[in-house]
Amino acid sequence: MVPSNFSGTISGRVTASETIQANLKLAKSVRAGVKIPNATVWLQDDYRKQSNTNDEGGFALNDVPFGDHRVVAKITRTDGQTYKGRSEEIQVTSEDPTKDTGFIDLEPANNQCEGILRDGQGNPIANAELQLWGEPFKTDEFGR
């Protein structure tokens, strides 16, 4: 763990996007009022640096190393639909160690990324760990 004199805090709130609101039949004017509790939040460049949102959709990531970061938020409904959002780049410095992302709006995560990971000779690489928005996943036995 990095000593606190070399780190800061990033806080913010996770809210429903206008797309989610349309599904809920809510007016656009309440966007910031639709707070998302129990969402997982992490640093894009360090998935281990995680937190969950509270009942008001708020979160705080502590001991964030100085530098430029993005925060990713995710929640999956019981029916399997996943929602994700990502903050703008945030700079944490010794002069300004406490930052606020503002609102991170979650959108339906419907896009997919497909491919085969291959080595220099063109052979598929099985069980390789990759990341998308900092979230790790592994290739299968065929490198997919």
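Throughout what follows, the structure given in this document is the object of discussion. (Residues numbered from 1 in each chain as written. Predicted model: local features only at pLDDT ≥ 70, side-chain atom pairs only at ≥ 80, totals over all residues. Heavy atoms only, no water.)

## Digging into the sheet that holds strand E4 (residues 58-65)
One key point about sheets: their strands pair by backbone hydrogen bonds, in either a parallel or an antiparallel sense. Formally: Should DSSP find at least two bridges between two strands, the strands are taken to pair. Helix and strand definitions here come from DSSP, where helices need a minimum of 4 consecutive H or I residues and strands a minimum of 2 consecutive E residues; each element is numbered from the N-terminal end. Here, axes are lines fitted to C-alpha atoms. For helices the fit covers the stretch in contact, and angles between N-to-C directions go from 0 to 180 degrees.
Ordered in space as E3-E2-E6-E7-E9-E1-E4, the seven strands form an open sheet in which the pairing is mixed. Strands with a single pairing partner mark the edges of an open sheet, and in this sheet they are strand E3 (46-52) and E4. Here the strands of the sheet are splayed against their neighbours by 30 degrees on average, with no regard to which way each runs. Bridge count between strand E2 (residues 40-43) and E3: four bridges; the pairing is antiparallel. By the bridge assignment, Trp42 is partnered in E3 with Gln50.

## Some remarks on the pairing of strand E6 (residues 71-76)
Summarising the sheet, E2 and E6 pair through four bridges and their orientation is antiparallel. Counted as the bridge partner of Val41 is Ala73 from E6. Note: E6 against strand E7 (residues 82-86), five bridges, orientation antiparallel. Looking at E7, one finds that Lys74 is bridged to Lys84. The antiparallel hairpin formed by E6 and E7 contains five residues in its connecting segment, where Gly80 sits at a positive phi of about 95 degrees.

## A word on the packing of aromatic side chains
We apply this condition: Stacked, edge-to-face and tilted labels apply to pairs of Phe, Tyr and Trp rings (six-membered ring for Trp) whose centres lie within 6.5 Å, assigned for plane angles under 30 degrees, over 60, and everything in between, in that order. For every residue, the accessible area obtained with a 1.4 Å probe (protein chains only) is divided by the maximum for its type, and the residue is called buried under 20%, exposed over 50%, and partly exposed between those limits. Geometrically, a lysine NZ or arginine CZ counts as sitting over a ring once it is within 6 Å of the ring centre and also within 35 degrees of the ring normal.
Under the counting rule described, the total for this entry stands at one aromatic pair. Centroid distance Trp42 to Tyr47: 5.0 Å. Interplanar angle 70 degrees. Geometry classified as edge-to-face. By relative accessible area, which is 1% here, Trp42 ends up buried. A residue is classified by how much of its surface remains accessible, and Tyr47, at 27% relative accessible area, is partly exposed. Directly above the ring of Phe103 sits Arg13, whose terminal nitrogen or CZ lies 5.1 Å from the centroid.

## Focus: the environment of Asn52
Quick reminder of the rule: Between two residues, a contact is recorded if the distance between any of their heavy atoms is within 4.5 Å. Polar contacts, as counted here, are pairs of nitrogen or oxygen atoms within 3.5 Å of one another; within protein the pair requires one atom able to donate a hydrogen and one able to accept it, and residues that are adjacent in sequence qualify only if both atoms are side-chain atoms.
Within the element layout of this structure, Asn52 appears in strand E3. If near-sequence neighbours (up to four positions away) are discounted, Asn52 is found in contact with Ala39, Thr40, Gly58 and Phe59. Polar contacts involving the side chain of Asn52 include one to the side chain of Thr40, which spans 3.5 Å.

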